[in-house]
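Observations on the three-dimensional arrangement
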Amino acid sequence: MRRSTPFVLGLVFIGCGLDGVAAPLLSVVPESGIANSTALVSLASFSRTGDFDEVFVNNTGKRIYDLQFGFTNLDGDAGGTNSSLFQSVQSARSGSSLQFQTMDFSYAGGGNGIAPGQQFRVTASGFGSIGAGGGASTLNVTPTVGGTSLLSGWDSGPSSNRVDLWFLGDGYRGADLAGAFRTHATSLLDYLFGSKTEAGQAPFRRYRNFFNVHMVDVISNQVGADKPWLKDPAGNPTGMVDTALNGCYLSVNTVTCAEYTGIELEDYRLLYVDQARADAVLDERLVDAALREMRVVTVNDSRYGGAGGAYAVYAGGNAQAREVAIHELGHAFGQLGDEYLEPGASQTYAGPEPAPVNLTADPTCAKWSVWQGTENVGCEAGGERFYTSGIYRPTPASRMSDSRLPFDPIGREALIHQIYTYVDPLDRYLDNTAVLRDPDTLWVDVVDPAVIDVAWFVDGILAGGARGESFDPDLLGLGEGDHVITARAFDTAITAGSDGPDWVRRDKDLLTQIVSWNIVVSGVPEPATVELLLVSLLGWVATRRSPARAA
């Protein structure tokens, strides 16, 4: 893909010592009064951090005022220079790293502009308190990726125990990232999880604190997605655009834009991107594949469309964008199947038992028997777009048949199960690898106390009055000797009535985490604690949850 417009280039320099530096870019000249010392900076890699590009200089306390960068396209295009004024910063201590936020470097070369994979030689020279630099370094340019950032307000906890949601965009030019891209993405987040003005969608609104949200700036040359049916009178395509992820509106009978068959315009509502390109973007951002639990692509187009595969893709500029996006998340994240029928569908399903939990070939619908009779759950014939018989769905209509409707209990439960595939109820807990002698307090740290409850057990017996994230063994006046204290953290969605929403009836253990400590009590309880012990025992009897319910 060639570029006909100027490209914004960011640079990152990493401070390092003399060893291993082949060609220094800058020689640092300390300010007057500081012992003469020289540190080198070397070009480590092409930066893909957009507006947050940084220069790190390992120094002894000088100030940096101005740098000038220049580069030459090794493929023959003219180079250019750019001067960036850096904020004056004083090092906190000798040998520490200074951090400077830089301006973007604009390439104004001639020819066809910058293409992916081209080689550039970058040089840097300094002014003010920096001596003239020398040397050069070479880097690869991949001009499709801008910055990656953890969205403000969406750092809910460690990625190892959160669902990491990655927002990518297609058809957004560099000038569109701060506007249209952020607007489309945050609009979906507000609708999905709730905000000050919106209530959110079940089950996601309940699990907001189980998610971290990342924004990946993907820069396209043009706006929109491919529309292969658009042609001029001579038959030449007019609806193809140059975008980073090659988003395209597909028909139900085609797989790629190249397979356009001339089907009616209205049939083109399946919007998807080149998955290999999207994966490559995340690879460039050094995103661990294990942390790509939820992947969403919003396409900068107003035509209705979307699809769910490895990515949930939707047209961010369409009036029904948010509803479509959640339906596609049902596919991409919840592994749910379509429950609607295409116009004119008449086929009979004769295949194996469908993998999606919301479809079955069993006319008794035993697959979701625990939900039958609840919230219109039954056994409805038809689904998976083409089959009017031989396949069954749970309800007459739900989010997977009409994107304007909520998920039914089967879809809602499947999404919750998927969340707990990546998240445990506890973020941390007191170390239990060794026996504890006379501990003052045992504790756990739950993901969200509004969602996770904690019940405590002493030697296998529920301590009725003990709830929450901490437990004081002294309150029970335990007898001298060895005891086992257990914390059972569980999502109250597995309970019915006033205790929870009754959203999960199958595989409840997935929403539960049990931690135990072996403790030693070294003395007999004081007389004053006997009365308290009796009160605690009465509490066990009177507890609102029986041991059977808590188990």
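Numbering of residues begins from 1 in every chain and follows the order in which that chain's sequence is written. Per-residue local features are limited, in this predicted model, to residues with pLDDT of at least 70; the limit for side-chain atom pairs, both in listing and counting, is 80 or more; totals at the level of whole chains, interfaces and linings are taken over all residues. Processing note: side-chain calculations cover all non-hydrogen atoms of the structure and skip hydrogens and water entirely.

**Focus on the pattern of salt bridges**
Note on definitions: salt bridges are taken to be side-chain nitrogens of Lys or Arg within 4 Å of carboxyl oxygens of Asp or Glu. What the rule picks out here adds up to 18 salt bridges. Note that E198 is salt-bridged to R322, the shortest N-O span being 2.9 Å. Of this pair, E198 sits in the loop between helix 1 (177-193) and strand 14 (211-218) while R322 sits in helix 3 (residues 321-332), and the two are 124 residues apart along the sequence. Residues E342 and R269 are paired through a salt bridge, measuring 2.5 Å at the closest nitrogen-oxygen approach. Separated by 73 residues along the polypeptide, E342 in the loop between helix 3 and strand 20 (347-348) and R269 in the loop between strand 15 (248-250) and strand 16 (270-272) bring together distant segments of the chain. Residue burial is assigned from relative accessible area. The probe radius is 1.4 Å, only protein chains are included, and a residue is buried under 20% of its type maximum, exposed over 50%, and partly exposed in between. Owing to a relative accessible area of 10%, E342 belongs among the buried residues under this scheme. Salt bridges linked by common partners bring R269, E342 and R385 together as one network. Here a helix means four or more residues in a row that DSSP labels H or I, a strand means two or more in a row labelled E, and each is numbered from the N terminus.

**Describing the state of the cysteines**
Cysteine sulfurs are considered disulfide-paired once they come within 2.5 Å of each other. Inspection of every chain in the model, using the stated rule, returns one disulfide. Through a disulfide, C365 is tied to C379; the S-S separation comes to 1.8 Å. On the S-S bond that ties C365 to C379, the torsion sits near 70°, and the link is right-handed. Remark: C379 occurs in the loop between strand 20 and strand 21 (380-383) and C365 occurs in the loop between strand 20 and strand 21; sequence separation between them is 14 residues. Taking the relative accessible area as the measure of exposure, C379 reaches 29% and is therefore partly exposed.

**Points about helix 1**
The first and last C-alpha atoms of helix 1 sit 22 Å apart over 17 residues, in line with the 24 Å expected at 1.5 Å per residue. Bend at a given residue is defined as the angle between two axes, one fitted to the seven residues that end at that position and one fitted to the seven that begin there. T183 marks the point of greatest bend in helix 1, at about 25°. Buried residues of helix 1: L177, F181, H184, A185, L188, L189, Y191, L192 and F193, and no others. On its buried side, helix 1 packs onto strand 13 (163-170), strand 14, strand 17 (294-299), strand 19 (312-315) and helix 3. Once helix 1 ends, the next one or two residues include G194, with phi positive near 95°. A helix is expected to span 1.5 Å for every residue after the first. Whether two residues touch is decided by their heavy atoms; if any such pair falls within 4.5 Å, the residues are in contact.

**Remarks on unusual backbone geometry**
Across residues other than glycine, the phi torsion is negative in most instances, and most of the peptide bonds are trans. Between A202 and P203 the backbone carries a cis peptide bond, its omega angle lying at 0°. Assignment of secondary structure puts P203 in the loop between helix 1 and strand 14. One non-glycine residue, N246, adopts positive backbone phi at about 60°. For N246, the location among the structural elements is in the loop between strand 14 and strand 15. According to the relative accessible area criterion, N246 is partly exposed, its value standing at 30%. Notably, D507 is not glycine yet its phi reads approximately 50°, a positive angle.

**A closer look at the sheet that holds strand 25 (residues 442-446)**
The sheet built from three strands is open, its strands ordered 23-25-28 with antiparallel pairing. With one partner strand each, in any of the chains shown, strand 23 (426-429) and strand 28 (470-471) form the two edges of the open sheet. Where strand 25 and strand 28 come together, two bridges link them in antiparallel fashion. Directly across from L442, in strand 28, lies its bridge partner F471. Strand pairing is assigned whenever DSSP detects at least two bridges linking the two strands.

**Structural notes on the side chain of D338**
Residue position: D338 is located in the loop between helix 3 and strand 20. By the counting scheme adopted, Arg and Lys are positive, Glu and Asp are negative, and His together with the chain ends is not counted. Buried within the structure, D338 lacks any salt-bridge partner; R385 is the closest side chain of opposite charge, at an N-O distance of 4.5 Å. A polar contact of 2.8 Å, which involves the side chain of D338, links it to the side chain of H331. A 3.5 Å cut-off defines polar contacts: any pair of N or O atoms within that distance qualifies, except that in protein one atom must be a possible hydrogen donor and the other a possible acceptor, and neighbouring residues in sequence count only when both atoms are side-chain atoms.

**Structural notes on the pairing of strand 21**
Pairing geometry for strand 21 and strand 22 (residues 387-393), over three bridges, is antiparallel. Across the sheet, G383 pairs through a bridge with Y387, a residue of strand 22. The antiparallel hairpin formed by strand 21 and strand 22 contains three residues in its connecting segment, where E384 sits at a positive phi of about 55°.

**Things to note about the nonpolar core**
Nonpolar cores were defined as sets of buried Ala, Val, Leu, Ile, Met, Phe, Trp, Tyr and Cys residues, with membership established by side-chain atoms within 4.5 Å. Membership of the largest hydrophobic core comes to 74 residues, with the highest contact counts inside it found for F167, F210, F211 and W456. What F211 contacts, discounting residues up to four positions off in sequence, is W154, S156, R162, V163, F193, F204, M294 and I419. The next biggest cluster of nonpolar side chains, apart from the first, holds 23 residues, and it includes W229, V281, L282 and Y311.

**Side note on the side chain of D408**
Here D408 shows up in the loop between strand 22 and helix 4 (409-422). Buried within the structure, D408 lacks any salt-bridge partner; R412 is the closest side chain of opposite charge, at an N-O distance of 7.7 Å. For D408, the side chain forms a polar contact with the main-chain nitrogen of I410, separated by 3.1 Å. Reaching out from D408, the side chain makes a polar contact with the backbone nitrogen of G411 at a distance of 2.9 Å. What D408 contacts, discounting residues up to four positions off in sequence, is E339, P394, T395 and S398.

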